Amino acid sequence: MNVKPKSTDKQSKVEPVTGPAKSARSSLASKAPVRATARKAVVPAKSAGRAPAAANPAPQGGPQIMKKSTPKLINFALQGGGAHGAFGWGVMDKFLEDGRVEIEGLSGTSAGSMNAVVYAYGKLKGNDGARQALHDFWKAISDAGSKFAMKRMPWDTDPMPKENPIQDMMKSMMSSFSPYQLNPMNHNPLRDVLEQQVNFEELERSQATKLFICATNVRTGKVRIFNTHEVTADVVLASACLPQVFQAVEIDGEHYWDGGYMGNPVLYPLFYHTVSRDVVILHINPIERPGPPTTSADIANRLNEITFNSSLIKELRSVYFVQKLLDDGWIKDEFRDKLKYVLIHSVRADSAMSDLSSASKMSSDWLFLSMLRDRGRALATEWLAHNFDDLGVRSTVDLKREFL
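The structure displayed is predicted, hence computed values, not measured ones.

Caption draft 1: Representation of the confidence of the model for the protein within the structure. Summing up the model confidence of the protein, the mean pLDDT is 83 and the portion of residues at 70 or higher is 77%. Below pLDDT 50 for its whole length, residues 1-66 participates in 111 contacts with residues either more than four positions away or in separate chains.

Caption draft 2: Region of the structure containing the nonpolar core. Counting 68 residues, the largest nonpolar core has Phe 76, Phe 87, Phe 95, Leu 106, Val 117, Phe 200 and Leu 203 as its most contacted members. When residues in this core are grouped by element, the largest group, 9 residues, is from helix 12 (residues 366-387). Aside from chain neighbours lying at most four places away, what touches Phe 87 is Leu 282, Ile 284, Ala 349, Ala 352, Met 353, Leu 372, Arg 375, Gly 376 and Leu 379. Counting 21 residues, the second-largest nonpolar core is a separate cluster that includes Ala 77, Leu 270, Phe 271 and Val 319.

Caption draft 3: Main features of the packing of aromatic side chains. Within the structure shown, the criterion is met by 8 aromatic pairs. Centroid distance Phe 76 to Phe 95: 5.1 Å. Interplanar angle 70°. Geometry classified as edge-to-face. You can see Phe 76 sitting in strand 1 (residues 72-78) and its partner Phe 95 sitting in helix 1 (residues 85-98), a full 19 residues away along the chain. For the pair shown, Phe 76 and Phe 95 are each scored as buried. Over the ring of Phe 388 we find Arg 100; its NZ or CZ atom is 4.0 Å from the centre of that ring. Geometry around Trp 366 places Lys 139 over its ring, the cationic atom sitting 5.5 Å from the centre.

Caption draft 4: Representation of the pattern of salt bridges within the structure. Here the structure, examined in full by the defined rule, presents 22 salt bridges. For the salt bridge of Lys 94 with Glu 97, the shortest nitrogen-to-oxygen distance reads 2.8 Å. Of this pair, Lys 94 and Glu 97 are both found in helix 1, 3 residues apart, which corresponds to roughly one turn of the helix. On the basis of relative accessible area, Lys 94 is assigned to the buried category, the value being 15%. Residue class for Glu 97 comes out partly exposed when judged on its relative accessible area of 35%.

Caption draft 5: Here's a closer look at the side chain of Asn 309. With respect to the helices and strands, the residue Asn 309 is situated in helix 10 (residues 296-327). Contact partners of Asn 309, with chain neighbours within four places excluded, come to Gln 79, Asn 285, Pro 286 and Ile 287.

Caption draft 6: The arrangement of the pairing of strand 2 (residues 101-109) in detail. Judged by how many residues are buried, strand 2 sits mostly within the fold: 8 of 9 residues are covered. Judged from the 7 bridges that link them, strand 1 and strand 2 form a sheet pairing that is parallel. If you follow Leu 78 over to strand 2, its bridge partner there is Gly 108. Traced from strand 1 through helix 1 to strand 2, the parallel crossover comes out right-handed.

How each quantity is defined
- Numbering of residues starts from 1 in each chain and follows the order in which that chain's sequence is written.
- Where totals are concerned, whole chains, interfaces and linings use all residues; where local detail is concerned, this predicted model gives features only for residues with pLDDT of at least 70, and gives and counts side-chain atom pairs only at 80 or more.
- As a convention, hydrogens and water are excluded, and side-chain values are obtained from all of the structure's heavy atoms.
- On a range of 0 to 100, pLDDT expresses the predictor's confidence in each residue.
- For this analysis, residues touch if any pair of their heavy atoms sits within 4.5 Å.
- By nonpolar core we mean a set of buried residues, namely Ala, Val, Leu, Ile, Met, Phe, Trp, Tyr and Cys, connected to one another through side-chain atoms within 4.5 Å.
- A 1.4 Å probe rolled over the protein chains alone gives each residue an accessible area, and that area as a share of the maximum for its type sets the label: buried under 20%, exposed over 50%, partly exposed in between.
- Numbering of helices and strands starts at the N terminus; helices are DSSP runs of H or I of at least 4 residues and strands are runs of E of at least 2.
- A pair of aromatic rings is counted whenever rings of Phe, Tyr or Trp (Trp by its six-membered ring) have centres within 6.5 Å, and the orientation is called stacked for planes under 30 degrees apart, edge-to-face for over 60 and tilted otherwise.
- Whether a charge sits over a ring comes down to the Lys NZ or Arg CZ being within 6 Å of the ring centre and within 35 degrees of the ring normal.
- One side-chain nitrogen of Lys or Arg within 4 Å of one carboxyl oxygen of Asp or Glu is enough to make a salt bridge.
- Strands qualify as paired when DSSP identifies two bridges or more between them.
- By definition, the crossover connecting two strands over a helix is right-handed if that path, from the first strand to the second, turns clockwise as seen with the strands pointing away from the viewer.

Laid out in structure tokens, this is it:
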């Protein structure tokens, strides 16, 4: 069942969230089983999946002081997906509101890189600052895109995207002409939004969040990872540069396209350059869909999803290989500490996004973006309820079953 909560918005400065999120179906509601051969360093899962009662309960009578627990340190890996990135906004918004986790590192591609950068900039002002920054960014995206969108009738409250003849015409033209012909001045409205919403000089000096932004080098075909001190508007635009739509972005004499071709997103920087072992992957592109597509549009959509998931799935297979080396004792004791036993978690949008086509990735309609945010919040709410206790303890994804 797809969750389609109604979205509300105020034109003035508003709180990003308006009321409790509804529950959505999650493909990760049940945790992956723990192998009996798990590495000793990994704490065994609790029998009921819940935190045990306190060993020393507070005494009866008199004031009781509640200790605030330390947030769990995690890493986030954010997929791209155009306007579907607003779903990622909703997931991050709920994690920030929950307050029980602290994000150490963020790896992002395309729309995921935008969410990562905006989050890191807003985080300079705390969790509320990050939530407001994400809200303001996506509202600015909607406002900028309204110039090219079909106007809604006053009575139209359905958030689902409508057919847009302007988009259809542009898609037809892009199949025959390159962005160097259609847009010789290389105007990109995303640049204006980014530069208005993020102070990149201030972000470069940030120590609060480690950023790893992915782009594809056009000349070498290799992935390029930009770290926090290297992130500029050009870097974010490079990470989101679809070659059929925008001219390649030049940085230091090299040209770059969308990072999704080589990593959507990349995981390895989170293994090597962060302390936390937990990596939470936010899947925007559904990994599974029921039945084969039969129409031309559906075939193209499914092909797009498979293509942009392929590099991630390969990397997850490598993670499983290292886990197996450690679990089965194939590594000598003197070398075990040189390998990091990574705990993988997934927030998957297979069910929550299954009713959306690839064409909707181009929609900037505010009702649609708000609906995606609410779906993301709903899925994150359910995911935290089922999986929070496992953070720092075990993986909640059975990599062998899911990706081998």
